[in-house]
Amino acid sequence: MTTLVIGARGAVGRHVVDGLLAVGTPVRASVRDLAKADFPPGVDVVQADLTQPDTLPAALDGIDQVFLYAEPSGAADFGKAALVAGVRRVVLLSSGSVLVPWATANPITVEHRTTEELLAGSGPELVPIRPLVLANNARNWAWSIRTERVVRLVHPRSVSAPIHERDIAEVALAALSGADPREVSALLTGAEPLTLRDQVGLIAAAVGEPIAVEEIDEARAREMFGVGEPETVDAILHFVRRGTEEGGWYRTGTAERVLGRAPVPFAAWARDHAADFR
């Protein structure tokens with residue numbers, strides 16, 4: 001049976017598509033705009049949009065399982081369409097924040113938890129993947145690194161264990177292959193506890209040029225976040241602030257248990273993405 005990848009052009013979704021192709025699993029990729037579809041040969045491409053329920057039946061026709069990223073606004077309609085189509089399993093790219101006790105009330109966590117709850121009651125088996133900190137978040141620094149060779153950081157000593165999108169995709173592929181949901185849905189992190197300053201240093205090494213770190217306070221950070229919802233900005237700053245405290249960051253062995261190897265180190269992620277920062 002065919003696996004549908006929704007969000008197939010995203011950082012994780014692309015690796016899921018490649019992984020399915022590598023083992024010979026028939027793949028269908030959905031995109032909002034067919035003109036932007038750029039997938040390898042052998043991928044069946046369809047146009048679909050979670051916010052437009054009438055596009056879902058055709059995309060789901062003949063589909064056994066789905067990998068997707070979804071927001072609450074489209075989750076309920078997707079769940080109904082998946083049930084009607086006879087989808088057996090849905091692997092959802094969620095967030096590890098739903099498992100962090102001190103993050104239960106922040107809007108980012110609430111959004112992911114709501115999406116999980118809407119899909120869990122829809123019929124198909126739901127298997128959420130819950131990465132906590134994506135290494136890909138460092139791409140937010142790309143513009144200032146390219147133009148100024150500087151990164152402005154609030155709480156540069158904040159610690160996390162970022163995980164490569166390739167590893168997230170491999171955990172998702174394990175879930176699509178029937179791995180124990182209790183394993184693949186556990187809190188997912190990279191192997192290395194790194195400060196934000198450490199991450200900048202590893203990017204500098206990958207680029208081959210020094211990158212300065214300028215420490216800013218939370219008021220300046222709020223200005224830099226620009227038009228973001230204040231509650232979301234508060235949640236981000238709370239998370240970064242917690243990373244400076246004892247017991248405020250997480251490193252788990254989920255990736256090792258599921259993948260049977262250590263997660264890809266951040267230095268390798270930086271080398272993979274060095275062109276983004278040059």
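Residues numbered from 1 in each chain as written. Predicted model: local features only at pLDDT ≥ 70, side-chain atom pairs only at ≥ 80, totals over all residues. Heavy atoms only, no water.

J.: Help me out: how do you make sense of the pattern of salt bridges in this one?
T.: It is possible for side chains bearing opposite charge to pair when their charged atoms get close. According to the stated counting rule, one finds 22 salt bridges in the structure shown. Arg89 is paired through a salt bridge with Glu125; the nearest N and O atoms lie 3.1 Å apart. Of this pair, Arg89 sits in strand 5 (residues 89-93) while Glu125 sits in strand 6 (residues 125-131), and the two are 36 residues apart along the sequence. With a relative accessible area of 10%, Arg89 lands in the buried category. Overall, Glu125 belongs to the partly exposed group, its relative accessible area being 33%. A salt bridge links Glu209 to Arg149; the nearest nitrogen and oxygen atoms lie 3.0 Å apart. (Salt bridge = Lys/Arg side-chain N within 4 Å of Asp/Glu carboxyl O. Helix = DSSP H or I, 4+ residues; strand = E, 2+ residues; numbered from the N terminus. Buried < 20%, exposed > 50% of the residue type's maximum accessible area, 1.4 Å probe, protein only.)

J.: Looking at this structure, how should I read helix 6 (residues 165-176)?
T.: Three or four residues apart is the spacing at which side chains of an α-helix point the same way, because the helix has 3.6 residues per turn. In a regular helix each residue adds 1.5 Å, so 12 residues correspond to 16 Å; helix 6 covers 16 Å between its end C-alpha atoms and thus fits that length. A large share of helix 6 lies buried, amounting to 10 of its 12 residues. Listed in full, the buried residues belonging to helix 6 are Glu165, Asp167, Ile168, Ala169, Val171, Ala172, Leu173, Ala174, Ala175 and Leu176. At the exit of helix 6 stands Gly178, carrying a positive phi of roughly 95°. (Expected span 1.5 Å × (residues − 1).)

J.: I tried to follow the pairing of strand 6 on my own but got confused; where do I start?
T.: Two faces belong to every sheet, and in a regular strand the side chains alternate between them. With six of its seven residues buried, strand 6 lies for the most part within the structure. When strand 5 meets strand 6, the two strands line up parallel, connected through five bridges. What sits directly across from Arg89, in strand 6, is Glu125. Crossover strand 5 to strand 6 through helix 4 (residues 107-120) is right-handed. Two elements, strand 6 and strand 9 (residues 187-188), share two bridges in a ladder whose sense is parallel. By the bridge assignment for strand 9, Pro131 is matched with Leu188. (Pairing = 2+ DSSP bridges. Right-handed = clockwise from strand over helix to strand, strands pointing away.)

J.: How should I be thinking about helix 3 (residues 72-85) in this particular structure?
T.: In this model helix 3 runs 20 Å from its N-terminal to its C-terminal C-alpha over 14 residues, within 8% of the 20 Å that 1.5 Å per residue would give. All of the buried residues in helix 3 are Gly74, Ala75, Phe78, Gly79, Ala81 and Ala82. After helix 3 finishes, the residue Gly86 shows a positive phi value of roughly 80°.

J.: Explanation requested: the packing of aromatic side chains in the structure shown.
T.: To describe a pair of aromatic rings, one takes the distance between the centres and the angle between the planes. Tallied over the entire structure, the rule returns three aromatic pairs. Ring geometry for Trp102 against Phe239: centres 5.7 Å apart, planes inclined by 45°, an arrangement best described as tilted. Taken together, the positions of Trp102 in the loop between strand 5 and helix 4 and Phe239 in helix 10 (residues 230-242) put the pair 137 residues apart, joining distant regions of the chain. Among the residues examined, Trp102 registers a relative accessible area of 19% and is labelled buried. Each ring, one from Trp269 and one from Phe277, has its centre 6.1 Å from the other, and the planes form 65°; the classification is edge-to-face. The same class applies to Trp269 as to Phe277, namely buried. (Phe/Tyr/Trp six-rings, centres within 6.5 Å; stacked < 30°, edge-to-face > 60°.)

The quantities given are spatial measurements derived from coordinates; they are silent on function.
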